[in-house]
Amino acid sequence: MTIMGLNGIYHWFFVPMDVNDRLNDVVAGGVLAAKLNFAFQVYDIVVSSAVKELRKIEMLIHHLLAIFLAYFILQLQYSHYYSVFFLGLTEFSSIPLCFVSLFKYFRKTGNKYHRFNSFCRILFAVLFLLIRCVYWPFMSISYFIDAYNTIKDGTFHKMGITLFFSFSNVFLTLLQLYWATFILKQLKKLLSPEQNSGKRKAKLK
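Keep in mind that this is a model prediction, so the values were computed, not measured. (Residues numbered from 1 in each chain as written. Predicted model: local features only at pLDDT ≥ 70, side-chain atom pairs only at ≥ 80, totals over all residues. Heavy atoms only, no water.)

Is there a simple way to think about the overall build of the protein chain in this case?
The helix and strand tally for the protein chain stands at nine helices and zero strands. Counting helices and strands in the order they occur from the N terminus, the protein chain gives α-α-α-α-α-α-α-α-α. Burial statistics for the protein chain: of 205 residues in total, 42% are counted as buried. For the protein chain, the proportion of contacts with a sequence separation of at least 24, taken over those separated by at least 6, is 78%. Total accessible area on the protein chain is roughly 12100 Å²; 68% of this is exposed by carbon and sulfur atoms. Counting 22 positive and 10 negative side-chain charges, the protein chain places the averaged centre of each group 21 Å from the other. (Helix = DSSP H or I, 4+ residues; strand = E, 2+ residues; numbered from the N terminus. Buried < 20%, exposed > 50% of the residue type's maximum accessible area, 1.4 Å probe, protein only. Contact = heavy atoms within 4.5 Å. Areas by Shrake-Rupley, 256 points an atom, 1.4 Å probe, with all protein chains shown as cover. Lys, Arg positive; Asp, Glu negative; His and termini not counted. Charge placed at Lys NZ, Arg CZ, Asp CG, Glu CD.)

Teacher, can you tell me more about a nonpolar patch on the surface here?
On the surface, Val 51, Leu 54, Phe 99, Leu 102, Tyr 105, Phe 106, Tyr 113, Phe 116, Phe 119 and Leu 123 cluster together to form a nonpolar patch covering roughly 920 Å² of accessible area. For the nonpolar patch, the secondary structure elements donating two or more residues are helix 5 (95-105) and helix 7 (114-153). Inspection of the secondary structure assignment puts Phe 99 in helix 5. Take Phe 99: its relative accessible area is 35%, and that puts it in the partly exposed class. (Patch = residues over 30% accessible without salt bridge, like charges linked within 9 Å, V, L, I, M, F, W, Y side chains within 5 Å. Salt bridge = Lys/Arg side-chain N within 4 Å of Asp/Glu carboxyl O.)

What is the right way to look at the confidence of the model for the protein chain in this model?
Per-chain confidence: the protein chain averages 90 in pLDDT, with 94% of residues scoring 70 or above. The secondary structure element of the protein chain with the lowest average pLDDT is helix 9 (residues 193-204), at 52, and the one with the highest is helix 4 (residues 80-86), at 97. In the predicted structure, residues 200-205 sits below a pLDDT of 50 and forms two contacts with residues beyond four places in sequence or in another chain. (pLDDT = per-residue confidence, 0-100.)

How should unusual backbone geometry be read in this particular structure?
Most peptide bonds take the trans configuration, and most residues that are not glycine carry a negative phi. Phi is positive for Gln 77, which is not a glycine, with a value near 50 degrees. Within the secondary structure, Gln 77 sits in the loop between helix 3 (57-76) and helix 4. The class of Gln 77 is partly exposed, set by a relative accessible area of 39%.

Got a minute to help me understand the packing of helix 1 (residues 2-14) against helix 2 (residues 28-50) in this structure?
The relative placement of two packed helices comes down to the angle between their axes together with the axis-to-axis distance. Between helix 1 and helix 2, whose axes approach to 10 Å, the crossing angle comes to 165 degrees. Between helix 1 and helix 2, the angle is such that the two are roughly antiparallel. In this structure, helix 1 meets helix 2 at a crossing whose hand is left-handed. Residues Ile 3, Met 4, Asn 7 and His 11 of helix 1 lie in contact with helix 2, whose contacting residues are Gly 29, Leu 32, Ala 33, Leu 36, Asn 37 and Phe 40. (Axes fitted to C-alpha atoms, helices over the stretch in contact; angles between N-to-C directions. Parallel < 35°, antiparallel > 145°, perpendicular 65-115°, else oblique. Left-handed = near helix turned anticlockwise from the far one by under 90°.)

Sorry, what's going on with helix 3 here?
Owing to its 3.6 residues per turn, the α-helix aligns residues three or four sequence positions apart on the same side. The end-to-end C-alpha distance of helix 3, which contains 20 residues, comes to 28 Å, matching closely the 28 Å that a straight helix rising 1.5 Å per residue would cover. Glu 58, Leu 60, His 62, His 63, Leu 65, Ala 66, Ile 67, Leu 69, Ala 70 and Ile 73 are the residues of helix 3 that are buried. Buried residues along helix 3 sit against helix 2, helix 4 and helix 8 (159-191). (Expected span 1.5 Å × (residues − 1).)

What am I meant to see in the packing of aromatic side chains here?
When we look at a pair of aromatic rings, we describe it by the centre distance and by the angle of the planes. Applying the stated criterion across every chain yields a total of 20 aromatic pairs. Ring centres of Phe 40 and Tyr 43 lie 6.5 Å apart, and the angle between their planes is 45 degrees; on these two criteria the pair is classed as tilted. With Phe 40 and Tyr 43 both in helix 2 and three residues apart, the pair spans about one turn of that helix. Judged by its relative accessible area of 18%, Phe 40 falls in the buried class. Seen from their ring centres, Phe 86 and Trp 136 are 4.9 Å apart, and the 75 degrees between their planes marks the pair as edge-to-face. Residue Phe 86 is found in helix 4, and its partner Trp 136 is found in helix 7; the two are separated by 50 residues along the sequence. (Phe/Tyr/Trp six-rings, centres within 6.5 Å; stacked < 30°, edge-to-face > 60°.)

Right under this line is the structure:
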């Protein structure tokens with residue numbers, strides 16, 4: 001996740017992408033983002049299938065869609081520009097989540113570094129909401145406009161692929177908003193006076 005996120009940040013903000021056609025031009029950062037994401041999603045779907053706690057239908061669908069999207073991006077030279085964002089930059093929000101997950105399974109370490117744990121939780125929530133719930137929809141609209149124009153002009157790559165990417169984007173966008181509801185609840189709980197008071201009392205005991 002860290003490598004994918006940093007790759008996305010680097011190529012999105014610091015490497016000029018001189019593209020005339022956002023759907024069909026080759027973008028090196030997009031190719032790398034698709035390769036990294038494909039490998040990670042294959043690993044993740046195997047782990048999620050094996051571990052009962054992670055075996056949630058929405059997660060499995062998410063992993064499958066990401067695998068197919070990354071595969072088509074690489075094989076059909078399609079949507080490299082958007083690959084940098086959706087398969088790269090968005091993963092930057094998950095870097096703090098790695099620490100949150102670590103502290104979840106190693107509770108003694110999490111309790112020992114509870115301030116850092118809380119910081120990572122808040123940072124993850126803020127980055128997720130900004131990148132995946134604010135920035136993401138704007139990029140989705142940009143993709144839909146480009147896809148619509150190629151269909152209207154008859155210059156679309158393949159109709160099936162264009163529709164698959166479009167429907168996948170709708171599903172994944174709704175999934176981000178669905179996850180955001182849980183994140184907002186956790187963030188509210190984490191920042192609540194009762195939660196902070198409870199932590200102070202626990203430290204005094």
